[in-house]
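The chain contents come next:
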Amino acid sequence: MCGIVGYLGSKNAYPIILEGLKRLEYRGYDSAGICLYNGNKLISNKSKGKISKLEKRISKLKTFHGNIGIGHTRWATHGEPNDKNSHPHSSNSNDIHIVHNGIIENYSAVKEELINKGFHFHSETDTEVLVNLIEYIQIKENVKLGEAVQLALNQVIGAYSIAAIDIKKPDEIVVARLGSPLCIGVGKDEYFIGSDATPFLDYTKKAIYLKDGEMAIIRNHKPTQYRKIADDSFTNPTVEKLEIDLAKIQKKGFDHFMLKEIFEQPSAVIDTLRGRLRLKKGIIKMSGIDDFIDKFLSTNKITIVACGTSWHAGLIAEYMFEKIAKISVEVEYASEFRYRNPVIDKSDIVIAISQSGETADTLAAIKLAKKQGAFVYGICNVVGSTISREADAGSYTHAGPEIGVASTKAFITQITILFLIAVKLGKSRGVLSSKQFREYIYELNSIKKKITKVLSSNDKIKKIAAKIKNATNCLYLGRGYNFPVALEGALKLKEISYIHAEGYPAAEMKHGPIALIDKNMPSIIIATNKLYYDKILSNVQEIKSRKGKIIAVVFEGDKEISKIADYTIEVPETIPALTPFVTTIPLQLLSYHIAVKLGRNVDQPRNLAKSVTVE
Ligand code: M6R
């Protein structure tokens with residue numbers, strides 16, 4: 001939810017931390033700050049607003065450098081975004097400074113205790129409470145920073161990744177994590193810290209991903225010490241080789257990451273299918289499924305847990321799994337599932353879908369499922385993410401880094417994986433004949449071309465966006481596989497344009513939403529499914545007769561709905577289960593162009609962050 005960066009070595013830490021924070025800005029962008037040890041004292045600069053604002057402030061200073069430092073880009077949880085609540089936070093003596101990603105749940109009780117002991121607070125944050133608890137323990141127990149951090153973390157409840165520095169020991173940075181990600185880049189005589197590895201990709205390809213409940217005392221002149229937070233045992237973490245391509249996290253000439261990511265979808269699907277869809281052999285190879293095929297064949301029920309866009313992918317999977325593999329599926333918001341006493345046991349399979357692999361609710365849901373004995377399968381995009389590590393097995397989507405806060409290519413690659421699983425299980429369970437299996441995989445193989453064709457309607461969609469950009473409410477309607485697409489279209493519009501939108505199954509319109517229809521209310525209708533075509537045609541007429549504006553997504557060559565709709569967007573025909581691949585993309589583009597025309601910050605919409613690592 002926030003981004004953490006750190007550096008310890010012989011280079012000037014400021015530009016490394018600043019550029020690193022820019023790469024993590026997708027995690028939060030309502031304030032930023034940096035603290036450096038300049039060889040003499042700790043110097044800190046922080047402010048409300050984006051990193052560019054901090055950069056401007058610092059550029060006015062005569063000097064702001066040092067070889068050790070920590071930085072933070074914030075998505076506010078406790079306390080509004082303002083200068084005081086920005087990180088780094090310092091202890092009362094100003095000796096210790098920390099940056100924190102996560103939430104300390106018992107912070108108010110701890111704060112009260114500290115106030116009784118004479119501590120005072122300048123911000124409303126839980127982080128300031130933590131740094132003062134560390135200081136209190138350090139003084140009381142007469143211990144060094146590492147031990148004080150460890151003792152303090154054993155007293156707090158919540159989720160965190162932190163980096164701390166102490167003027168009394170300025171050649172070390174103490175980091176720890178529980179529930180929020182943190183990795184350490186290992187260079188030659190230098191260390192880097194990041195919420196993910198992107199801040200230090202220019203400097204090293206070697207990284208250590210701290211596990212939940214681990215901490216490290218990173219030191220300049222002595223070997224770094226890795227240990228568990230809960231006890232004094234040492235750990236011996238593995239140094240991993242990073243495979244992330246730096247070019248993939250740049251805009252490559254597009255105005256926004258979101259647009260770039262929308263246009264990357266044909267190649268992202270190919271990357272997801274690579275090695276898995278083996279047309280010549282007529283097989284789908286997925287080791288995560290193959291290795292546990294008995295579980296998938298014997299289970300009676302699959303529960304999918306996810307949030308936001310990933311939840312929409314799960315809803316599409318429900319239609320796919322039930323139709324293609326005849327497996328009963330339930331799709332749950334992870335945030336509800338985790339508190340609902342779900343009836344899950346060792347015969348169950350729980351599939352967790354998450355782009356980031358760090359979403360706190362999804363992580364908690366799979367922990368609960370595992371505790372109850374279920375087999376957990378993770379579908380994540382970020383390699384090495386917490387959910388991918390916690391799951392018993394899984395598949396990476398290989399969409400490449402998704403920087404735009406609004407999820408686009410991650411969604412398309414999630415449904416690619418889910419379709420592969422459905423077809424694979426359909427075959428293994430004897431539901432699909434060899435002929436049907438081949439038809440499915442050949443159609444999947446042609447989807448890249450169809451997506452590319454949809455993208456060629458970009459200019460037309462841009463013009464439609466100009467016509468409806470001033471609407472204050474929009475309705476998205478679809479049926480079957482396209483009902484979740486309607487939900488996803490509405491979510492995309494809401495999050496980046498701030499226009500209120502609702503997604504509905506088209507047939508539900510007459511049970512309420514139709515009351516909203518008037519000349520000011522555009523309805524975006526997905527009308528590609530032949531099975532429901534006549535029924536959707538009736539819906540279109542119902543809207544038209546109430547003077548509603550209609551934007552219809554139809555198959556190429558559509559005759560009826562195109563005659564009535566105000567605007568049509570044609571997409572290539574495909575089988576029902578694959579229609580979301582071609583119908584989602586026009587809705588992504590429509591939202592994108594509306595948001596751009598309204599002057600919104602498309603890649604970093606207000607109040608949002610890329611990964612939600614708090615409850
Ligand atoms: O990283 P995850 O897929 O677990 O994230 C889940 C949601 O937070 C995410 O999909 C969110 O809804 C996006 N902003 C949607 O565009």
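Parameters at a glance
- Residues numbered from 1 in each chain as written.
- Predicted model: local features only at pLDDT ≥ 70, side-chain atom pairs only at ≥ 80, totals over all residues.
- Heavy atoms only, no water.
- Pairing = 2+ DSSP bridges.
- Helix = DSSP H or I, 4+ residues; strand = E, 2+ residues; numbered from the N terminus.
- Axes fitted to C-alpha atoms, helices over the stretch in contact; angles between N-to-C directions.
- Near = heavy atom within 4 Å.
- Polar contact = N/O pair within 3.5 Å; in protein donor to acceptor, adjacent residues only side chain to side chain.
- Areas by Shrake-Rupley, 256 points an atom, 1.4 Å probe, with all protein chains shown as cover.
- 1 Å grid on protein atoms, 1.4 Å probe; cavity = no way out; pocket = protein on both sides within 12 Å on 5 of 7 lines; lining within 4 Å.
- Sits in = over half its atoms within 2 Å of the grid points.
- Core = buried A, V, L, I, M, F, W, Y, C linked by side-chain atoms within 4.5 Å.
- Buried < 20%, exposed > 50% of the residue type's maximum accessible area, 1.4 Å probe, protein only.
- Domains from an automatic or database assignment.
- Contact = heavy atoms within 4.5 Å.
- Expected span 1.5 Å × (residues − 1).
- Lys, Arg positive; Asp, Glu negative; His and termini not counted.
- Salt bridge = Lys/Arg side-chain N within 4 Å of Asp/Glu carboxyl O.
- Phe/Tyr/Trp six-rings, centres within 6.5 Å; stacked < 30°, edge-to-face > 60°.
- Points joined across faces, edges and corners; volume = space filled by probe spheres on them.
- Nonpolar A, V, L, I, M, F, W, Y, C, P; charged D, E, K, R; others polar.

**Q** I tried to follow the sheet that holds strand S20 (residues 375–380) on my own but got confused; where do I start?
**A** Backbone hydrogen bonds hold the strands of a sheet together, and the pairing may be parallel or antiparallel. Taken in spatial order, the five strands line up as S18-S17-S19-S20-S21 in an open sheet, and their pairing is parallel. The open sheet has two edge strands, strand S18 (328–333) and strand S21 (393–396), and neither has a second partner. Sheet twist, expressed as the mean angle between neighbouring strand axes with direction ignored, is 20°. Sheet topology places strand S17 (residues 301–306) next to strand S19 (residues 349–354); four bridges connect them, and they run parallel.

**Q** I tried to follow the site of the ligand on my own but got confused; where do I start?
**A** In the region of the ligand, 14 residues are neighbours, and Ser310, Ser354, Ser356, Thr359 and Glu495 sit closest. Between the ligand and Ser407, the relevant distance is 2.8 Å, taken from an oxygen atom to a main-chain nitrogen or oxygen of the residue. Taking Glu495, its side chain carries an N or O atom lying 2.4 Å from an oxygen atom of the ligand. For the ligand, whose unbound accessible area comes to 410 Å², protein coverage reaches 91%. Because more than half of its atoms lie within 2 Å of the grid, the ligand is assigned to the second largest pocket. At three residues, helix H10 (residues 308–325) tops the list of elements feeding residues into the shell around the ligand.

**Q** So what exactly am I meant to see when it comes to the nonpolar core here?
**A** As a rule of thumb, soluble globular proteins bury nonpolar side chains together. Met320, Phe321 and Tyr476 are the most contacted members of the largest nonpolar core, which has 90 residues in total. When we break this core down by domain, the ones giving at least three residues each are domain 2 (248–445) and domain 3 (455–600). With residues up to four places along the chain from it excluded, the contact list for Phe321 reads Ile302, Lys326, Ile327, Val329, Ile351, Leu418, Ile421 and Ala422.

**Q** Help me out: how do you make sense of helix H18 (residues 482–497) in this one?
**A** Structural remark: α-helix, 3.6 residues per turn; residues separated by three or four positions point the same way. The terminal C-alpha atoms of H18, which comprises 16 residues, lie 22 Å apart, in line with the 22 Å expected from a rise of 1.5 Å per residue. Counted residue by residue, H18 has 14 buried out of 16 residues, so it is predominantly covered. Just beyond H18, the residue with positive phi is Tyr498, at close to 65°.

**Q** How should the side chain of Glu261 be read in this particular structure?
**A** You can see Glu261 is positioned in helix H6 (residues 257–263). Buried and without a salt bridge, Glu261 has Lys260 as its closest oppositely charged side chain, separated by 5.0 Å. When near neighbours in sequence (up to four residues on either side) are disregarded, Glu261 contacts Pro401, Glu402, Ile403, Gly404, Thr408 and Lys409.

**Q** Got a minute to help me understand the packing of aromatic side chains in this structure?
**A** Each aromatic ring pair is specified by the distance between its two centres and by the angle formed by the two planes. All told, the structure shown has 12 aromatic pairs when counted by the stated rule. Ring geometry for Tyr14 versus Phe64: centroids 5.3 Å apart, planes at 90°, classification edge-to-face. Within this pair, whereas Tyr14 is found in helix H1 (residues 13–23), its partner Phe64 is found in the loop between helix H2 (51–59) and strand S4 (68–74), the two being separated by 50 residues in sequence. You'll find Tyr14 and Phe64 in the same group, each marked buried. Relative to Phe375, the ring of Phe296 has its centre 6.0 Å away and its plane inclined at 85°; by these criteria the two rings are edge-to-face. Of this pair, Phe296 sits in helix H9 (residues 293–298) while Phe375 sits in strand S20, and the two are 79 residues apart along the sequence.

**Q** Help me understand the pairing of S18, please; the structure alone is not making it clear to me.
**A** Every other side chain in a regular strand lies on the same face of the sheet, so the side chains alternate between the two faces. By the bridge criterion, six bridges tie S17 to S18 in an arrangement that is parallel. The residue of S18 that forms the bridge with Ile304 is Val331.

**Q** Would you take a moment to explain empty space enclosed by the protein for this structure?
**A** Over the atoms, a rolled probe matching the size of one water molecule traces out where space is still vacant. Per the counting criterion, the structure on display carries one cavity of 30 Å³ or more. Looking at the largest cavity, its volume works out to about 70 Å³. In terms of lining residues, the largest cavity is bounded by Cys2, His72, Arg74, Trp75, Thr77, His78, His87, His100, Gly102, Thr125, Asp126 and Thr127. Mapped onto the lining of the largest cavity, the elements with two or more residues apiece are S4, strand S6 (96–104) and helix H4 (126–141). Considering only residue class, the lining of the largest cavity consists of two nonpolar, eight polar and two charged.

Take it as geometry only, folks, not as evidence of what the structure does.
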